[in-house]
Amino acid sequence: MKYTQLGRTGLQVSRLVLGTMNFGGETDEATSHAIMDAALDAGMNFFDTADIYGVDEEKGRTEKILGSWFAKGGDRRDKVVLATKMYGDMTQGTAWNGTPWPNHNKLSAVNIRRAVEASLQRLGTDHIDVYQFHHVDRATPFEEIWQAVDVLVQQGKILYAASSNFPGYKIAQANETAARTGRLGLVSEQCLYNLFERRAEMEVIPAAQEYGVGIIPWSPLHQGLLGGALRKEREGAGSRTTSGRSGAGLADPAVRAQIQAYEDLLAKHDLDPGETALAWLLSRPGVTGPIVGPRTPAHLESALRAVELELSGEVLAALDDIFPGPGTSPEAFAW
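Residues numbered from 1 in each chain as written. Predicted model: local features only at pLDDT ≥ 70, side-chain atom pairs only at ≥ 80, totals over all residues. Heavy atoms only, no water.

Turning our attention to the overall build of the protein chain. Counting secondary structure elements, the protein chain contains 13 helices and 10 strands. What you see for the protein chain is a C-alpha radius of gyration of 20 Å, in line with the 20 Å of a compact globule of 335 residues. Taking the principal axes of the C-alpha coordinates as reference, the protein chain spans close to 55 × 50 × 45 Å. Here the protein chain, with 335 residues, has 50% of them falling under the buried criterion. Considering only contacts in the protein chain between residues 6 or more positions apart, those separated by 24 or more positions represent 76%. Carbon and sulfur atoms make up 50% of the accessible area of the protein chain, which amounts to about 14,800 Å² in all. Side-chain charges in the protein chain split into 32 positive and 42 negative, and the spacing between the mean points of these groups amounts to 3 Å. (Helix = DSSP H or I, 4+ residues; strand = E, 2+ residues; numbered from the N terminus. Rg over C-alpha atoms; globule rule 2.2 N^0.38 Å. Buried < 20%, exposed > 50% of the residue type's maximum accessible area, 1.4 Å probe, protein only. Contact = heavy atoms within 4.5 Å. Areas by Shrake-Rupley, 256 points an atom, 1.4 Å probe, with all protein chains shown as cover. Lys, Arg positive; Asp, Glu negative; His and termini not counted. Charge placed at Lys NZ, Arg CZ, Asp CG, Glu CD.)

Below, the structure is given as structure tokens:
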């Protein structure tokens with residue numbers, strides 16, 4: 001395993017991040033534990049989750065599975081850089097008019113305090129290393145958010161604060177507010193970023209780089225689209241999904257042609273599609289490491305091979321031709 005610093009911090013994390021969203025839903029507890037053991041054995045030390053993950057009937061189930069794994073001992077918790085996220089409504093009930101109960105979601109100081117205490121209990125730990133805001137809250141000022149973070153840091157309940165799905169201007173706003181009062185600010189940003197979906201290069205990644213915020217791409221295979229979807233279709237294995245998170249899937253002839261060109265290129269160079277998609281992200285400036293969300297130990301083994309994969313200049317150029325990015329910001333879109 002290779003390691004890098006998380007953004008501008010001194011924290012060393014693995015170049016692959018273990019995503020746990022499938023744990024408790026598609027992956028049972030025993031298999032989830034086996035995947036985490038294998039990840040740790042391979043040197044992966046950065047584990048990511050969220051309070052909202054789990055089956056619909058039991059939000060928080062995924063955090064509980066991590067907690068039961070930590071409870072097995074063997075210095076599991078000490079070896080892991082643990083990241084979780086908060087923002088969404090965790091209650092099963094609603095207010096009288098059918099909306100979430102007030103102050104049980106978003107980033108008010110009240111909800112941040114409530115959410116971190118609940119996550120700590122489910123995770124069975126006394127602290128969270130990287131506490132991430134899962135979405136922007138346009139109604140709560142960053143002065144309030146940072147005040148809440150200060151209290152949690154002073155109490156030893158979290159060490160770093162980070163974001164997920166923030167636009168570039170919010171990354172700047174958050175860190176400028178923090179800097180005015182001598183705070184560290186955001187240290188990483190989780191965003192949708194992969195070969196197929198490169199819009200983060202317009203504003204999010206430039207802002208992150210300017211502020212020393214590490215980029216942690218989620219959905220690196222675009223929900224399987226970049227993982228050999230057409231090959232699996234031909235082989236009769238079937239694709240787990242026919243559409244990416246952006247809504248563009250194999251039913252779209254233009255997307256289908258694009259993915260065919262991608263798979264043809266990689267077949268020519270004897271490269272695996274999923275491993276190539278991860279290796280491409282690992283080669284991108286500002287990227288700390290992509291989140292891989294294995295459902296089985298075999299999926300994890302494939303992802304681990306990507307860390308050692310070096311893509312040639314010829315392949316990188318061809319990938320840019322198939323999946324052109326937005327270009328240098330702001331020149332590419334300003335004129």
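Turning to helix α4 (residues 109-123), a few remarks are in order. Think of an α-helix as 3.6 residues a turn; residues three or four steps apart then line up on the same face. The end-to-end C-alpha distance of α4, which contains 15 residues, comes to 21 Å, matching closely the 21 Å that a straight helix rising 1.5 Å per residue would cover. All of the buried residues along α4 are Asn 111, Ile 112, Ala 115, Val 116, Ser 119, Leu 120, Arg 122 and Leu 123. Down the axis of α4, the buried side of the element spans an arc of 165°, and every buried residue falls inside it. Projecting away from the buried face of α4 at angles above 90 degrees are the exposed residues Arg 113 and Gln 121. Its buried side turned inward, α4 meets α2 (61-70), β5 (81-86), β6 (128-133), α5 (142-154) and β7 (158-164). Phi turns positive, to about 65°, at Gly 124, one or two residues after α4. (Expected span 1.5 Å × (residues − 1). Arc of directions from axis to C-beta.)

With that settled, the discussion passes to the sheet that holds β6. Taking strand neighbours across the sheet as the criterion, the eight strands line up as β9-β8-β7-β6-β5-β4-β3-β10 in an open arrangement whose pairing is parallel. Of all the strands in the sheet, the pair left with one neighbour each is β9 (214-218) and β10 (291-292). In this sheet, β10 lies alongside strand β3 (residues 17-19) in parallel orientation, the contact comprising two bridges. By the bridge assignment for β10, Leu 18 is matched with Val 292. (Pairing = 2+ DSSP bridges.)

Another point: the nonpolar core. With 79 residues, the main nonpolar core has Ile 112, Phe 133 and Tyr 262 as its most contacted residues. Per-element accounting of this core gives the leading share, six residues, to α5. With near-sequence residues (within four places) excluded, Ile 112 lies in contact with Met 86, Leu 107, Tyr 131, Phe 133, Ile 145, Ala 148 and Leu 152. (Core = buried A, V, L, I, M, F, W, Y, C linked by side-chain atoms within 4.5 Å.)

A separate point is the layout of surface pockets. Taken as a whole, the second largest pocket holds about 230 Å³ of empty space. Forming the boundary of the second largest pocket are His 135, Asn 165, Phe 166, Pro 167, Glu 189, Cys 191, Leu 192, Glu 197, Arg 199, Ala 200, Val 204 and Trp 218. The element best represented in the lining of the second largest pocket is strand β8 (residues 186-192), accounting for three residues. (1 Å grid on protein atoms, 1.4 Å probe; cavity = no way out; pocket = protein on both sides within 12 Å on 5 of 7 lines; lining within 4 Å. Points joined across faces, edges and corners; volume = space filled by probe spheres on them.)

In this fold, Asn 22 is placed in the loop between β3 and α1 (29-41). C-alpha separation for the pair Asn 22 and Pro 220, spaced 198 residues apart in sequence, amounts to 15 Å.

The next point concerns the packing of aromatic side chains. Applying the stated criterion to the full structure yields six aromatic pairs. Between Tyr 262 and Phe 323 the ring centres are 5.4 Å apart and the planes differ by 70°, which places this aromatic pair in the edge-to-face class. Separated by 61 residues along the polypeptide, Tyr 262 in helix α9 (residues 253-268) and Phe 323 in the loop between α12 (313-322) and α13 (331-334) bring together distant segments of the chain. The exposure class assigned to Tyr 262 is buried, which follows from its relative accessible area of 0%. By the ring-pair criterion, three or more aromatic residues cluster together here, those being Phe 47, Trp 69 and Phe 70. One cation-aromatic arrangement involves Arg 77 over Phe 70; the distance from NZ or CZ to the ring centre is 5.6 Å. (Phe/Tyr/Trp six-rings, centres within 6.5 Å; stacked < 30°, edge-to-face > 60°. Lys NZ or Arg CZ within 6 Å of the ring centre and 35° of its normal.)

Any two side chains of opposite charge can pair if their charged atoms end up close together. Scanning the entire structure with this criterion turns up 18 salt bridges. For Glu 26, the salt bridge is made with Arg 295, and the minimal N-O distance between the two is 3.6 Å. Residue Glu 26 is located in the loop between β3 and α1, and its partner Arg 295 is located in the loop between β10 and α11 (297-305); the two are separated by 269 residues in the primary sequence. Classification of Arg 295 by relative accessible area gives partly exposed; the value is 26%. Across the salt bridge formed by Glu 143 and Arg 180, the nearest N and O atoms sit 3.7 Å from each other. Taken together, the residues span a long stretch of sequence, with Glu 143 in helix α5 and Arg 180 in helix α6 (residues 168-180) at a distance of 37 residues. Given the relative accessible area of 46%, Glu 143 is considered partly exposed. Residues participating in the shared-partner salt-bridge network are Arg 198, Glu 201, Arg 284 and Asp 320. (Salt bridge = Lys/Arg side-chain N within 4 Å of Asp/Glu carboxyl O.)

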